[in-house]
Amino acid sequence: MRPGRLPTLFVSHGSPMHGLRASPAAPAWAALARDLPRPDAVLIATAHWETELPMVGTAQRPQTSHDFRRFPAALERIRYPAPGAPAFAQRALALLAEAGLPASANGCRGLDHGTWVPLVHMYPQADVPVFQLSIQAALGASHHLRLGAVLAALAGEGVLIIGSGAMTHNLAEWERFVQDHDLQPSLQPPLPYVQAFRAFIEDALRRGDLETLSNYRERAPQARRAHPTDEHFLPLLVAYGAAGVRPEVERIDLGVDAGVISMETYLFHPSP
């Protein structure tokens, strides 16, 4: 047990192309890791692992999963050979069980691109143990705030808790843009609905308005256009819930890919 608590983090991981050195987000992610205390392990609640009930990755040597199609071969060659963190994974499972949240272990699943795309820049030596947490889109936003709150103790035990998704994620609109461009990330001015949505969410985060966050699909402007499906938003709520009551909110603007996929990163610092 180390003294103090680590902040929690939400990362908009964007396209798999951000796994390459040319990514405009890469320097910011690398600087972020340099500025943070070095964790004993990283827990990532990833948008790319959906299950009916929570699952925790317990593999000792998780493989690198290339869970995408039609991207350059250079991405397929990337390996992120970080060790797993089975002891911390068991601790997470125990916390969930104590809170009455049914959860199970998965010792086979590899690290999906929602995990290794930011980590390949944050910890390029792959020398920090990593384990994943699934999300449950069918259980809604309030469930994920609770999920984070239940796992908050890990932030006091040397675990950097990261939610990996996207502040806005209209994949169909992004795909229409890249039909006329190559797949390289292209930062464009945000479309008006993207700006309105992310400003609304930032305000709710800073005010600690859990009710608004829990009902974001009904209250946020153009929520269904910003997130036609929930899975890329819910990791934000896990990270926020894991930071404790009314955390200090720090926003890092990394631009908007194709004007529609906001690359915002948030740090949530525990309140004094």
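A. Structural detail: the nonpolar core. Ranked by size, the top nonpolar core spans 67 residues in total, and within it Tyr80, Ile201 and Phe268 carry the most contacts. In terms of residue count, helix α7 (residues 192-207) provides more of this core than any other element does, six residues in total. Counting 22 residues, the second largest nonpolar core, distinct from the first, contains Ala41, Ala89, Val150 and Leu151.

B. Region of interest: the packing of helix α1 (residues 26-35) against helix α4 (residues 113-122). One way to put it is that α1 packs onto α4 with a least axis distance of 7 Å and a crossing angle of 65 degrees. Between α1 and α4, the angle falls in the class roughly perpendicular. Crossing hand, α1 versus α4: right-handed. Counting all contacts with α1, which are made through Ala26, Trp29, Ala30 and Ala33, the residues of α4 involved are Val117, Pro118, His121 and Met122. Tallied by class, the residues present in the contact of α1 with α4 amount to seven nonpolar, one polar and no charged.

C. Region of interest: empty space enclosed by the protein. Tallied over the entire structure, the rule returns one cavity of 30 Å³ or more. In this structure, the largest cavity spans a volume of roughly 50 Å³. Lining the largest cavity are Gly57, Thr58, Ala59, Pro62, Gly84, Arg109, Leu111, Val130, Phe131 and Gln132. Ranked by residue count, the leading element in the lining of the largest cavity is strand β5 (residues 130-135), at three residues. Per-class residue counts for the lining of the largest cavity are five nonpolar, four polar and one charged.

D. Just the layout of surface pockets, in detail. Its boundaries defined by the atoms lining it, the largest pocket holds a volume of some 510 Å³. Lining the largest pocket are 23 residues, with Pro16, Phe71, Leu171, Trp174 and Glu175 sitting closest to its centre. Listing elements by their share of the lining of the largest pocket, those giving two or more residues are β2 (41-50) and α6 (171-178). Examining the composition of the lining of the largest pocket, we find that four residues originate from one element, α6, more than from any other. Class assignment of the residues belonging to the lining of the largest pocket gives a composition of nine nonpolar, eight polar and six charged.

Reading guide: rules and limits
Residues numbered from 1 in each chain as written. Predicted model: local features only at pLDDT ≥ 70, side-chain atom pairs only at ≥ 80, totals over all residues. Heavy atoms only, no water. Core = buried A, V, L, I, M, F, W, Y, C linked by side-chain atoms within 4.5 Å. Buried < 20%, exposed > 50% of the residue type's maximum accessible area, 1.4 Å probe, protein only. Helix = DSSP H or I, 4+ residues; strand = E, 2+ residues; numbered from the N terminus. Axes fitted to C-alpha atoms, helices over the stretch in contact; angles between N-to-C directions. Parallel < 35°, antiparallel > 145°, perpendicular 65-115°, else oblique. Left-handed = near helix turned anticlockwise from the far one by under 90°. Contact = heavy atoms within 4.5 Å. Nonpolar A, V, L, I, M, F, W, Y, C, P; charged D, E, K, R; others polar. 1 Å grid on protein atoms, 1.4 Å probe; cavity = no way out; pocket = protein on both sides within 12 Å on 5 of 7 lines; lining within 4 Å. Points joined across faces, edges and corners; volume = space filled by probe spheres on them.

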